[in-house]
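For reference, the chains in residue letters:
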2 protein chains.
Amino acid sequence: MSLLGRHDKIVLAHGGGGQLSDSLIRQQILPRIGGSDSPLYDAGSIELWGGRIYISTDSYVVKPLVFPGGDIGKLAVCGTVNDLAVSGARPVAMSLALIMAEGLPMDLLELILDSIGRTASENNVAIITGDTKTVEAGSADGLFINTTGIGLGRPGVDLGFSRILTGDLILITGTIGEHGMTILSQRQDIGFQSVLTSDCASVLGLIDEVLAFGGSRVKFMRDPTRGGLAATVCEIAAGCGQCIEIWEDQIPVQPAVRTAAEMLGLDVLNLANEGKVVMVVDPAWADECVKLCRAHPLGRNAAIIGSVKEATGVPVVEMKTRIGGRRIVQMPYGTDLPRIC
Amino acid sequence: MSLLGRHDKIVLAHGGGGQLSDSLIRQQILPRIGGSDSPLYDAGSIELWGGRIYISTDSYVVKPLVFPGGDIGKLAVCGTVNDLAVSGARPVAMSLALIMAEGLPMDLLELILDSIGRTASENNVAIITGDTKTVEAGSADGLFINTTGIGLGRPGVDLGFSRILTGDLILITGTIGEHGMTILSQRQDIGFQSVLTSDCASVLGLIDEVLAFGGSRVKFMRDPTRGGLAATVCEIAAGCGQCIEIWEDQIPVQPAVRTAAEMLGLDVLNLANEGKVVMVVDPAWADECVKLCRAHPLGRNAAIIGSVKEATGVPVVEMKTRIGGRRIVQMPYGTDLPRIC
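Not measured: the values here are computed from a predicted model.

Conventions used here
Residues numbered from 1 in each chain as written. Chains lettered and ligands numbered in written order. Predicted model: local features only at pLDDT ≥ 70, side-chain atom pairs only at ≥ 80, totals over all residues. Heavy atoms only, no water. Helix = DSSP H or I, 4+ residues; strand = E, 2+ residues; numbered from the N terminus. Buried < 20%, exposed > 50% of the residue type's maximum accessible area, 1.4 Å probe, protein only. Disulfide = S-S within 2.5 Å. Patch = residues over 30% accessible without salt bridge, like charges linked within 9 Å, V, L, I, M, F, W, Y side chains within 5 Å. Areas by Shrake-Rupley, 256 points an atom, 1.4 Å probe, with all protein chains shown as cover. Salt bridge = Lys/Arg side-chain N within 4 Å of Asp/Glu carboxyl O. Pairing = 2+ DSSP bridges. Axes fitted to C-alpha atoms, helices over the stretch in contact; angles between N-to-C directions. Contact = heavy atoms within 4.5 Å. Polar contact = N/O pair within 3.5 Å; in protein donor to acceptor, adjacent residues only side chain to side chain. Least-squares fit on C-alpha atoms with pLDDT ≥ 70 in both. Parallel < 35°, antiparallel > 145°, perpendicular 65-115°, else oblique. Nonpolar A, V, L, I, M, F, W, Y, C, P; charged D, E, K, R; others polar. Domains from an automatic or database assignment. Core = buried A, V, L, I, M, F, W, Y, C linked by side-chain atoms within 4.5 Å. Phe/Tyr/Trp six-rings, centres within 6.5 Å; stacked < 30°, edge-to-face > 60°. Lys NZ or Arg CZ within 6 Å of the ring centre and 35° of its normal.

Undergrad: Which residues make up the environment of G70 of chain A, and what values do they have?
TA: All names here are of chain A. Along the chain, the position of G70 falls in strand β4 (residues 70–71). A relative accessible area of 11% places G70 in the buried class. When the C-alpha positions of G70 and G50 are compared, they lie 38 Å apart, and in sequence the two are 20 residues distant.

Undergrad: Requested: an account of the state of the cysteines, with residues and values cited.
TA: Following the criterion strictly, the structure yields zero disulfides over all chains and no others. Free of any disulfide, C289 of chain A has its nearest neighbouring cysteine sulfur in C293 of chain A, separated by 4.4 Å. Not engaged in a disulfide, the cysteine C243 of chain B finds its nearest cysteine sulfur in C240 of chain B; these two sulfurs lie 8.8 Å apart.

Undergrad: Please set out a nonpolar patch on the surface residue by residue, giving values where relevant.
TA: Residues V314, V316 and I328 of chain A make up a contiguous nonpolar surface patch of roughly 260 Å² in combined accessible area. Within the secondary structure, I328 of chain A sits in strand β14 (residues 326–329).

Undergrad: Account for the sheet that holds β14 of chain A, with residues named and values stated.
TA: Residues and elements named next belong to chain A. Taking strand neighbours across the sheet as the criterion, the seven strands line up as β9-β11-β8-β12-β10-β13-β14 in an open arrangement whose pairing is mixed. The two strands at the open ends of the sheet, each matched to only one other strand, are β9 (218–222) and β14. The mean angle between the axes of side-by-side strands here comes to 25°, regardless of whether they run parallel or antiparallel. The pairing of strand β8 (residues 169–172) with strand β12 (residues 303–309) spans four bridges and is antiparallel. What sits directly across from I170, in β12, is G306.

Undergrad: Residues and numbers for the environment of S21 of chain A, please.
TA: All names here are of chain A. Following the sequence through the fold, S21 ends up in helix α1 (residues 19–29). Note: C-alpha distance between S21 and A230 (209 residues apart in sequence) is 15 Å. Once residues within four sequence positions are removed from consideration, S21 is found in contact with A13, H14, G15 and G16. Of note is the side chain of S21, whose polar atom sits 3.2 Å from the backbone nitrogen of G16.

Undergrad: Could you give an account of the relation of the copies chain A and chain B, naming the residues involved and the relevant values?
TA: Least-squares fitting of chain A to chain B yields an RMSD of 0.0 Å, with the superposition described by an axial translation of 0.0 Å and a rotation of 180°. What the rotation and shift describe, once combined, is the action of a two-fold rotation axis. Residue A140 of chain A, judged by its C-alpha, is the member of chain A lying nearest the rotation axis, at 2.1 Å. Interface overlap between copies is the fraction of interface residues in one copy that are interface residues in the other; for chain A against chain B it reaches 100%, indicating a shared surface.

Undergrad: Residue-level account of the packing of helix α3 (residues 106–122) of chain A against helix α1 (residues 19–29) of chain B, with values.
TA: Relative to each other, α3 of chain A and α1 of chain B sit at 60°, their axes nearing to 11 Å. Here α3 of chain A lies oblique to α1 of chain B, going by the angle between them. Note on element contacts: α1 of chain B touches α3 of chain A through L24, Q28 and I29 of chain B, opposite M106, L109, E110 and L113 of chain A. The residue makeup of the contact of α3 of chain A with α1 of chain B, split by class, is five nonpolar, one polar and one charged.

Undergrad: If you had to explain the domain arrangement of chain A to someone new, which residues and values would you point to?
TA: Taken domain by domain, chain A holds domain 1 (1–33), domain 2 (42–153) and domain 3 (161–329). Centre-to-centre separation of domain 1 of chain A and domain 2 of chain A, based on C-alpha positions: 25 Å.

Undergrad: Give me the nonpolar core: which residues, what numbers.
TA: Where a protein is soluble and globular, its nonpolar side chains tend to be buried together. Core analysis: the biggest nonpolar cluster contains 98 residues, and L109 and L143 of chain A have the highest contact counts within it. Among the elements that make up this core, the one with the highest residue count is helix α6 (residues 228–240) of chain A (eight residues). Not counting chain neighbours up to four residues away, the residues in contact with L109 of chain A comprise L98, M100, L104 and L143 of chain A together with I10 and L24 of chain B. L65, L184, C200 and A260 of chain B belong to the second-largest nonpolar core, a separate cluster that totals 95 residues.

Undergrad: Before we move on, could you go through the pairing of strand β1 (residues 44–48) of chain B and cite the residues and values that matter?
TA: All names here are of chain B. On β1, burial follows the alternation: G44, I46 and L48 on one face are buried, whereas S45 and E47 on the facing-out side are not. With five bridges joining them, β1 and strand β2 (residues 51–60) adopt antiparallel strand pairing. Note on β2: the bridge partner recorded for I46 is I53. Hairpin connection of β1 to β2: two residues between the antiparallel strands, including W49 at a positive phi of 50°.

Undergrad: Any details on the packing of aromatic side chains? Residues and values, ideally.
TA: Pairs of aromatic rings are described using the distance from one ring centre to the other and the angle between the two planes. A full pass over the atoms with the stated rule returns seven aromatic pairs over all chains. One aromatic cluster is present, formed by Y41, F161 and F220 of chain A through successive ring pairs. Its end group placed over the ring of Y60 of chain B, K133 of chain A keeps NZ or CZ at 5.3 Å from the ring centre.

See the structure below:
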């Protein structure tokens, strides 16, 4: 059996957002539920009454439930807001479904609900429907949350793999890997807890500004969550059928994250982010876009980190390393760490 | 501490769809997420571009994953379709989010996905976005599913507690308790397995016909799932502020369900249904509505089972028993059986 062939049982890597997740979705799920094999976006959409509405769903199983920089509630709202925002949609409403294990402390649930309410309100998203289920202690870990968001398309905005052209530039709105490394540090006692904070945040405001000024000069956006920057750039290359080159010395990384990753033998490119956006933009507007991002609190470390190159064969992602070498950036197979979000 | 006061920890009854679920939602959840204390409906809705869209979410944690008459996949699609349908909306799109435990057999997952695809297709609902998460074996029971559905309002249909008037009649589309008793029989070896089948089904087609002919003569609909018929009639009484009288000898119950419930000391009124609708209709049209339902395969046992009475004090539900007595029908406190759906 190939590593990407049919497994007899679900393994953790099926949920890692990498190659194995992708093969599960394309081979087992989509053919059975009427889905097409076209590129997968962060939100689905339907035409409705002359407009377009976008829908995005995510279940959150992050462990621990509260971590430096956020909690499962803030993550559940921001994650779904971000998936709509990077799709070019303006979120308007959200559903909230809780699966609670018997024994979940009410204080903790209330803290998480406060966080959900605050984050939804900050993003002007109304929580308009919900569900509560309980399961026996031992049948779920404390609390799982599903949020499904509805967003409206914006006039003049047109994002998609097909809009990406050779020469377009790749931009990231800030330093990578904080969320993944923070969750890891909380789960394993690796001694970096005091300096690591998740970047968990809504990127809606930042995207509002970029789209307001950039319009159609913004070609594509994705938030590099599970699978990290590596998964996102590999998805972009596969989606647009072109090669991508990224420049290691331009990719912003906090020193603590870099040190921790080096010590643990982890690739920062694979670490999850929860408050960052990768954008593909028109090269003539890229410097303006960086300036615009840097003027926003969530984009202070924005940088151009790569470019789109014509594919000669299979579309791949190559990285020019800091020491002047070149290496292929691979789609992560599974995940270095389950239950990151 | 009162039984409905603040618990220190989540207990199973918080997910039972009864009094304790209601108090958790009203006391802990809604005040924190910006929800109002108005009556709760099966779907939320927003005005959009001159129309109204309805959104309903449910997580499914039913155990076992496959049962006579259905499986968690069929249930997840039907449940969300039904919540939209009883709200008067026509479902158009759905999201699908899977939380899979490590070790879930791929054959079983594929069987469930086939069931999801078939049921969505039968209901003309496109699954347009999704999510997959995995958790360690022991952190979730096999598979939890969230479906969130989007539906469009229908012109001329206006359902709501405020439309219910004294004299309106209460109708149920068929026999009660099959789903609850089937799940119970699968979980406990009580010897009724061979004759019990869940009623798990989409009621969309039946509701289509009723609304097409009944229009505004249909005042309110709800599917009596968790908490059973008892919870639904109590919610209707509380929602419209009037009393309800139901007639035990008119309530259709399959003999096997009645016998099993009597043996186990369970009240059939509290048992979950997954393919039935309770309707409140204009009394002048009620007989027509029964005829219409009976002409549909899912409504063959439809019956008028009660009426709306003016409240003299607190709105309560009373049942005229088969032997001519009267008793108060109470909102179930928690649930006789967790993980029914």
